[in-house]
Every structure is written in structure tokens, then in C-alpha cells.
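Chain and residue survey
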Amino acid sequence: MPAHILEQNREQGTMNPVTMKDKKTFKLDGKAIEFEDGDTIMDAALRAGEYIPHLCHNPEFTPHGSCRVCIVNVDCKQVSACTQPAIENSEVDNSSDEIMANRRALLQMLFVEGNHICPGCEKSGACQLQAVAYYCNMLSSHFTHFFPQRSVDASHPDTAIDFNRCILCELCVRASRDVDHKNIFAIDGRGINSHLVINSSSGKLGDSAFTASDKAAHVCPVGAILPKHKGYEKPIGERLYDKQPVSIVGDVAAYEQDEDC
Amino acid sequence: MSTDLETASNPENLERIVIEPVTRVEGHGKVTLLQDKNKHIRQARLHIVEFRGFEKFIQGRPYWELPVLVQRLCGICPVSHHLVAAKATDMLVGARQLTPTAEKIRRLMHFGQTLQSHALHFFHLCSPDLLFGFDDEVRHRNIVGVIEDHPEIAKQGVLLRKYGQEVIRLTAGKRIHGTGAIPGGVNKSLSHEEVDYLMKDIDQIIAWSIDAVALIKRIFSEHYDYHMAFATIDSNMLSLVGSDGAFDIYHGDLRARDKNGNTIFDHADYTKYNEYIKEGVKNWSYMKFPFIDAIGAENGWYRVGPLARINNCDFIGTPLAEKERIEFMAAGNGKPVQSALAYHWARLIELLHCAESIKDLLQDADISGSELINKGEMQNTGIGVIEAPRGTLFHHYEIDKDGIVTRANLIVSTTNNNQAMNESIRQVASQYLDGNQLTEPLLNQIVVAIRAYDPCLSCATHAMGKMPLEICLVDEDDKLVDRLEKRATGSITRTI
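The paragraphs below set out a description of the structure included in this document.

Criteria and cut-off values
- Residues numbered from 1 in each chain as written.
- Chains lettered and ligands numbered in written order.
- Predicted model: local features only at pLDDT ≥ 70, side-chain atom pairs only at ≥ 80, totals over all residues.
- Heavy atoms only, no water.
- Phe/Tyr/Trp six-rings, centres within 6.5 Å; stacked < 30°, edge-to-face > 60°.
- Helix = DSSP H or I, 4+ residues; strand = E, 2+ residues; numbered from the N terminus.
- Buried < 20%, exposed > 50% of the residue type's maximum accessible area, 1.4 Å probe, protein only.
- Lys NZ or Arg CZ within 6 Å of the ring centre and 35° of its normal.
- Contact = heavy atoms within 4.5 Å.
- Buried area = accessible area lost by both parts, 1.4 Å probe.
- Salt bridge = Lys/Arg side-chain N within 4 Å of Asp/Glu carboxyl O.
- Polar contact = N/O pair within 3.5 Å; in protein donor to acceptor, adjacent residues only side chain to side chain.
- Nonpolar A, V, L, I, M, F, W, Y, C, P; charged D, E, K, R; others polar.
- Expected span 1.5 Å × (residues − 1).
- Pairing = 2+ DSSP bridges.
- 1 Å grid on protein atoms, 1.4 Å probe; cavity = no way out; pocket = protein on both sides within 12 Å on 5 of 7 lines; lining within 4 Å.
- Points joined across faces, edges and corners; volume = space filled by probe spheres on them.

Residues and elements named next belong to chain B. Tallied over the entire structure, the rule returns 17 aromatic pairs over all chains. With a centroid separation of 4.8 Å and 50 degrees between ring planes, the pair formed by Tyr343 and Tyr453 is classed as tilted. Taken together, the residues span a long stretch of sequence, with Tyr343 in helix α11 (residues 342–362) and Tyr453 in the loop between α14 (440–452) and β15 (469–474) at a distance of 110 residues. Judged on exposure class, the residue Tyr343 and its partner Tyr453 are both buried. Cluster of aromatic residues (ring-pair linked, three or more members): Phe134, Tyr226, Phe230 and Tyr432. Seen from the ring of Tyr250, Lys87 lies directly overhead, with NZ or CZ sitting 4.7 Å from the centre. Looking at Lys282, its charged tip hangs above the ring of Phe289, at a distance of 4.7 Å from the centre.

This is the structure:
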């Protein structure tokens, strides 16, 4: 969700004492949040302009609940905010030390499972994983790095996939299936062996029906799916998250049409 | 061009003295000396004990990452690797000519870097030896001693470096490991506010640079003959020069001259560097030994860096530095100046040239232009060469049709000086250490010789995946009990 929408929501989200009586609410860190039937905690929070850290969630797609970074505590039970329906009068903890520590651990595991080398990555400064890690005050990887051996698929003329940076959020899977109707991406394997695969005879993106204008090319929250022959074109200091944190700026996908983000 | 002390014939009977780590240089290295019972030096070697693997692990990466990835080789002169990789990727994207803004921003970045690197090396690392003497007490012979005894000199060194770092920050985005240069150009120019900010102090920087040259000339003149003779070796010299023979650290052609100043090759196209330069390996060092192919491995080694650049160029394009170059060249009496310590003198002339050039560029309207990138038809070979603060730096990349790097070859500045540094420490060992009980002040003379080259040891290492290895088992009487040898092929044999 882009910054101006979050800001607008934040302003409109201020509770009106007259209408509040007719609306269902829950408390997010002590603050009353309105919701409608069918809303998840994430839906209601975003509409109210409140930020809950997330990676696999994109309001345009069916909630997935796989990255677990949006974990919140609802009445002493830890759930993912993007899949948990809002419950009237419930107390939702979005920022306690315990919740933030759990998010940091989840982010640390994401960092060590792949090869997320921020200093050399062209997505650095405009990467949602990096921005969320900063927001959650993740200062180191903590766990032993797996350093998996993964390759780059640059077979497509316009788009490259760096599997080193894939966090298995399935946003490209959902976009290709639900919007592009091409089913180009899927997750294969189980557990720690899960990995992104491409639906083509060779398994290469260049042999698939993928095009750079596909929705799937513009939803990746990390530096896994990238336009070719360009990078680092935005100077340091002017990148998406250089000036304000992800809680203000919002998701990278909302800026994807501006390819230089 | 002696290599007599490279390998002793019977090393097992000699006393081994190790200088480890070599201090006040970038990276980690060590020197080993083997001395016989009569205290004669029988072997002297500079070893590089670090390992890098950039040529290997950038294989499989997209080419447009190269300027940002490869600069991580170093934290002192990353701009050199950043710019030379950018030059190589310019070739890959078919950018035959950069826009004036891109070319000048890159040059400005490079001048800023060379200024800060030279200031760091002279003031922080080497001035203690030169101001206090090579045999000064260790506790005093360091930058803190300089701050205490010569606070004005120390301050100038710190602020000169700071200014260079600011130039880098404004052109590359960060003081260390920025992203300014991209394939085909740059990602930013300077705003008028940024130009004004740098202009504010540039006259002071030029004045301090003039003082720095005066300081090294005063130090040299105090013991002129000693400084001209210390660690001096006759060598070939290699550098880039402009198409008109001008001093140029960003772009040009290759020029090599022999120890007498005679031309070996001139205006050689650097994209054909491998027709002129070959790289040798020795089993005792991670660092390669490049040489000029036309002369051969034994005598074809050469020196690069400030000494080679000042000796090789026909003129310097800024007036104050040109005046100093003429005075410097007079010291050679018509031949190249070969003194290792003259590296410091040449380096500070370059510092002055950088300061003058930064002022010239800041007054050029092109550095605030908006035309930043040029691209043409993709190529699969990209070669860049630049004069890094420490010398000529080669980057060579091959990519496949998808834009993925398949091969890389980096010949780093310090690698070019490998044989020369070894020869210089052998000269010092023969002249000053031979026959003596070795003490710290004597051993420091070895390190002073190495420091003159301003080596960056971390950038310069290479290793094959299957390193040869020998393991010896000795009993309490030092008698050899067992020995295993692992060969480069990976096979292991017992050799006792």
C-alpha cells in the first residue's frame, strides 16, 4: 500500500465517537480499530493506517500467511494478522518486545536460508525484506548462514530471476495464476527443500510465456525478480526506503510501476 | 634485477625470522627471512597470507552488478575497482563514449579517491618512519606520535583525507562502497549546492597539498643520498598515459619503459593487455607475478604506481604538479628515478595534481549536467584499465548471451608490484641486515621498503581450489618422522 494511501487511511481511521457505536472494533496496541465482517486484522489495520510488518501479504491477493512476519498476539494466542479474521473486542498486540523478538527471529531465518547479501544487491534501499528487517531492529543474522548453492536464471530477454533471494512468499505464484492466468510459477519440494520452479519445458524463464508486463513481474518484495540490464540507477539517498521507514512508505509492490524504485 | 635471495638452497638449516603482521599497510602480509649461522641472509620473501576469491564467485552473476560487487575487494580504494569495473561494463553495453557529465563525474570521484588514499598512506601510515627515523622507538613511531610531535601535519593529513572522502560521498552516494558508476555512465551528477560545498575548502586543500610536497622534499634532502639508495632497484615501469602522453589516472593507453627510460611499448591499447602482460605463479605465494611478455618472466617484471606514472608521463596537465614533476625528474639525471622511497615524493605530487584537478572540475558546468547514461550494442567481452592509487589495475570480464559473467581476470595494482617489493626487501636485507643480529629497528627497514609501495595486500591474492600442501611430523628432537604431500591435482602421497 503506497504512502499517501496509508497516510489518508491514518487520517480517516481516527474514530468518530458517533459512528463508533455502530461499528465493530478491536484494540490494536490499545487503539480501537474498526472492522467489517470478513476483515482480517491486517485488512482493518491497513485501512486504519496502522502498520503491521509483512512480506507475503499484498492486499491485491488472497492472504497467504506463509512468511509469518505479521505475527500478532490475539488474546494470548500468536497468529498471522493477514489470515486471522478480526474478532470484536479482542486485544491485539502488534508491538510488544515478545512479538518483535519473534519477528526478528523469523526475519533472521529468512536471511540465513537464502543468500541475501544486501551490500551488493541492486534492490538494496528498495527491498521490503531489508526495510522490514530495519523496522524490526534486526541488527545481525544471528543464525548460521546456509549459503545455499543457487543460480540466476537470466534466460529471459527482459527479466532475470535470482533464486538466491527468493523468500517463497508466493506473490509471483499468485499473480501469475490469479491475474496473468499463466501459472508460470509454483513452489516445489517440501520443508527446507521448498523452492520456486518455472512452468516451461526447460524450467527456464526464457522458455515460458512470461513477459515483463505480467503482474508477476511487479510483485516481488525482494530482489528475486528484476528487470535486466539495469540496476543501481537510483542514487543512494533517493531510493524507496532511504528517507522513511517501511511503516510510512508501505509495500514496494505499490511502487513497482515506477521501475526505478 | 637480482633474484638471488628468493630461494635458499638448504632452508632447513637456517634460522627463520618472521615479520608478521607487516604493519601500517592495507591487508595482511608477512616477511620471512632465513639467516645462516654467520647471520648472513640467505632467503627473503614477502608473503601474502590472505585469500580472496572474487574472480571465481562473480562467475554466474549478472554483469550490471560488477561495479558494486567487485569494489568489495577493498575498503581503502574501492572506487578504483568500482570505476574500472564500470569501464569494463561500458564496453559490455557498447558505450563507446560516455556523456561529458558521466566522464567528468567519474574523474572527479577518482581524483577524490586518489587524494584520500594518498593522504592516508603518507600521513597516517608512513610519516612516522619519515619524520622520526626508521629506528625510532616503536611506541613513538606511529600516528599518535605524529599527532603529539607534529599536530599541524597530522591535522592536515586527516582533513585532506576527509575532503577526498567527501568528494566520493557526493559522487558515489557513500564514502565507502557507493553506487555512482553504472554500466554506460553514472547515476547522479552534482547539484549546485554540492559544488558550492566542495568549492568552499578546495583552495585550502591545494595549499596543504603544496605543503605536503614541500615536506617530502625537505625529508628527502636531509639525507638525500641515503633516501635515493634505500631499497632502490632498477626496474621497468608500466602505466597508463593519455593519448598525448599526459599524466592520466582515469583513461589512456599503456606505456612501458625499461630501467634506462627506453620505450618497451607505447600507446598500447589496454583492451589487448594480455598480448603485452603475462602472469606467473610461484608455489610460495598467493600473489601472482606479472611480467612483460616481450622481455620474459625473469627480467620482465615491472613497477606500477606513482613512481611509474610520474616517470612515464610526458607532462602533467595542472601547473603546480607539473612544476614539481620537472623538479622530480631532474633527480634522475635523464633516467627514471628508481628509488623506492621516491614513491612517497611522486605520490605527493599526484596528491597535488588531484587537488588542482578537483578544482578544475568543480568549475566545469558539465558536472551538473543531466545526460548521465549512454548505451550501444551489447558485447560479450569487457576490459577496463585504470590507474588506481597503487598502480595499474586491470579488470577483464566475459559474459554469455544472457548477460551472466562466465570468466573474470583481475590484475590488481599490488600484484604488478609483487616482484618489485620482493626485490626491494632483498636489497634491504643484503645491504642493511646481512651479518647482523636482527633487531626490531633493522626489521622495520624491511617494512619501510614494503610500505613505500603502498601495497594493498587484500586485493592482490589468488588461490587455486586445490592448493598444494605439505604436512611434516617431527619428534621432540626435530627429527622428521613423517611427511604427507598433497599435490595440486588433489592426490596425497607419503614422501618419507
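Our focus in this paragraph is the interface of chain B and chain A. Counting from both sides, the interface comprises 22 residues of chain B and, opposite them, 20 residues of chain A. Together, the buried faces of chain B and chain A total about 1700 Å²; carbon and sulfur atoms form 59% of this surface. On the chain B side of the interface with chain A, the three residues burying the most area are Arg61, Trp64 and Asp402 of chain B, jointly 33% of the side's total. Our enumeration of links across chain B and chain A arrives at 2 salt bridges. Here Arg61 of chain B and Asp162 of chain A are joined by a salt bridge, their closest N and O atoms 2.5 Å apart. Counting across the chain B and chain A interface gives 8 residue pairs in polar contact (both at pLDDT 80 or more). Taken together, the residues of the side of chain B that touches chain A break down into 10 nonpolar, 5 polar and 7 charged.

This next bit is on helix α4 (residues 97–113) of chain A. Owing to its 3.6 residues per turn, the α-helix brings residues three or four apart onto one side. Residues and elements named next belong to chain A. For α4, built from 17 residues, the straight-helix expectation of 24 Å at 1.5 Å per residue is met to within 8% by its first-to-last C-alpha distance of 24 Å. For α4, the full list of buried residues reads Ile99, Met100, Arg103, Leu106, Leu107, Gln108, Leu110, Phe111 and Val112. On its buried face, α4 sits against β3 (71–74), β4 (77–80), β5 (91–93) and α5 (128–135).

Residues and elements named next belong to chain B. In terms of residue burial, strand β2 (residues 29–35) counts as a mostly covered element, since 7 of its 7 residues are buried. Residues Gly29, Val31, Leu33 and Gln35 of β2 are buried on one face, and the alternating residues Lys30, Thr32 and Leu34, pointing to the opposite face, are buried as well. In this structure, strand β1 (residues 15–19) lies alongside β2, joined through 5 bridges in antiparallel fashion. Bridge pairing in β2 places Arg16 opposite Leu34. Where β2 meets strand β3 (residues 41–48), 7 bridges bridge the pair, whose relative direction is antiparallel. Of the residues in β3, the one forming a bridge with Leu34 is Gln43. Connecting β2 to the next strand, β3, in antiparallel fashion are 5 residues, including Lys39 with a positive phi near 70 degrees.

As a further point, take the layout of surface pockets. Its volume calculated, the second largest pocket comes out at about 730 Å³. Around the second largest pocket, the lining is made up of 23 residues, and of these Asn115, Ile117 and Asn164 of chain A together with Phe57 and Arg61 of chain B lie nearest the centre. Per-element accounting of the lining of the second largest pocket gives the leading share, 3 residues, to helix α1 (residues 54–57) of chain B. Among the residues making up the lining of the second largest pocket, the classes are represented as 9 nonpolar, 7 polar and 7 charged.

So yeah, pure geometry; function would need other evidence.
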